Amino acid sequence: KNEVEQSPQNLTAQEGEFITINCSYSVGISALHWLQQHPGGGIVSLFMLSSGKKKHGRLIATINIQEKHSSLHITASHPRDSAVYICAVKRIGGSEKLVFGKGTKLTVNP
Amino acid sequence: DAGITQSPRYKITETGRQVTLMCHQTWSHSYMFWYRQDLGHGLRLIYYSAAADITDKGEVPDGYVVSRSKTENFPLTLESATRSQTSVYFCASSRADRGGNQPQHFGDGTRLSIL
């Protein structure tokens, strides 16, 4: 079993919908990252969390350390949000290395 | 703010050839990483470096060699390329932080095809 599991693998939404992507992990972590990758594009760091909640524009990331679970929410989704969203965790004592989920491919239709 | 750059962006080579992928960052970040990204596997760590002259293996190091003689450069060499090394390769860098809470900054990737 992978240390980081994301769900769903694929997600299709209509413009304007509220979107949730989930990430569960099985190891002790010092931080969790959410990354975004557009088709054919590079990878951008969206959030880094060790507790609570962070918000940036229409994106909200939450983490529950006790339940080993994080969610990424997108409010009022737009076709430009179409991308692969990747969850990654930094293990406690794992130096700066990240362990990645396989990603969630989001398609937002106009 | 040049950031982190990878070269080449695209490369086609033949089995058995040696190929080197370059990675250069302008932030003087201590940590640098090489990942490969394949369908069904996500991103996997090949090698990483905590500082100049300090490198360590990641999850999938076989067939790869790295060096880090200068802080800003972290080349990845495939000594004798195999078809299984066809992939998209990403370089990343981050600052050192005792709290471990620094984001990684990624290059645009190198798409490598081995025929």
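Residues numbered from 1 in each chain as written. Chains lettered and ligands numbered in written order. Predicted model: local features only at pLDDT ≥ 70, side-chain atom pairs only at ≥ 80, totals over all residues. Heavy atoms only, no water.

Engineer: Provide a residue-level description of the state of the cysteines, including the pertinent values.
Structural biologist: In this structure the tally under the stated criterion is 2 disulfides over all chains. There is a disulfide in this structure between Cys23 of chain A and Cys87 of chain A, and the S-S distance comes to 2.0 Å. As the torsion about the S-S bond is roughly -65°, the Cys23 of chain A-Cys87 of chain A disulfide counts as left-handed. One end of the pair, Cys23 of chain A, is in strand 3 (residues 19–25); the other, Cys87 of chain A, is in strand 9 (residues 83–91), with 64 residues separating them in the sequence. For the pair shown, Cys23 of chain A and Cys87 of chain A are each scored as buried. Residue pairing for Cys23 of chain B: its cysteine sulfur links by disulfide to Cys91 of chain B, the two sulfurs lying 1.9 Å apart. Measuring the twist about the S-S bond at about -75°, one finds the Cys23 of chain B-Cys91 of chain B disulfide to be left-handed. One end of the pair, Cys23 of chain B, is in strand 3 (residues 19–25); the other, Cys91 of chain B, is in strand 9 (residues 87–94), with 68 residues separating them in the sequence. Summarising the burial analysis for this pair, Cys23 of chain B and Cys91 of chain B share the class buried. (Disulfide = S-S within 2.5 Å. Helix = DSSP H or I, 4+ residues; strand = E, 2+ residues; numbered from the N terminus. Buried < 20%, exposed > 50% of the residue type's maximum accessible area, 1.4 Å probe, protein only.)

Engineer: Give a detailed account of the interface of chain B and chain A, specifying residues and quantitative values.
Structural biologist: Residue-level contacts link 23 residues of chain B with 19 residues of chain A. Carbon and sulfur atoms supply 57% of the area that chain B and chain A bury against each other, a total of about 1,600 Å² over both sides. Broken down residue by residue, the surface that chain B buries against chain A is led by Leu43, Asn101 and Phe106 of chain B, which jointly contribute 27%. Inspection of the chain B/chain A interface yields 0 salt bridges. Linking chain B with chain A are 4 residue pairs in polar contact (both at pLDDT 80 or more), by the criterion used here. Across the side of chain B that touches chain A, the residue classes tally to 9 nonpolar, 11 polar and 3 charged. (Contact = heavy atoms within 4.5 Å. Buried area = accessible area lost by both parts, 1.4 Å probe. Salt bridge = Lys/Arg side-chain N within 4 Å of Asp/Glu carboxyl O. Polar contact = N/O pair within 3.5 Å; in protein donor to acceptor, adjacent residues only side chain to side chain. Nonpolar A, V, L, I, M, F, W, Y, C, P; charged D, E, K, R; others polar.)

Engineer: Which residues make up the pairing of strand 9 of chain B, and what values go with them?
Structural biologist: For a regular strand, side-chain orientation follows a simple rule: the groups alternate between the two sheet faces. Residue and element names in this part refer to chain B. For strand 9, the tally of buried residues reaches 8 of 8 residues, placing the bulk of the element in the interior. Of the two faces of strand 9, the one carrying Ser87, Tyr89, Cys91 and Ser93 and the one carrying Val88, Phe90, Ala92 and Ser94 are both buried. Direction of pairing for strand 4 (residues 31–38) relative to strand 9: antiparallel, over a ladder of 7 bridges. Considered in strand 9, the bridge of Trp34 is made with Cys91. By the bridge criterion, 3 bridges tie strand 9 to strand 11 (residues 110–114) in an arrangement that is antiparallel. Within strand 11, the position partnered with Ser87 by the bridge is Leu112. With 2 bridges connecting them, strand 9 and strand 10 (residues 105–106) associate as antiparallel partners. Bridging across to strand 10, Ser93 finds its partner in His105. (Pairing = 2+ DSSP bridges.)

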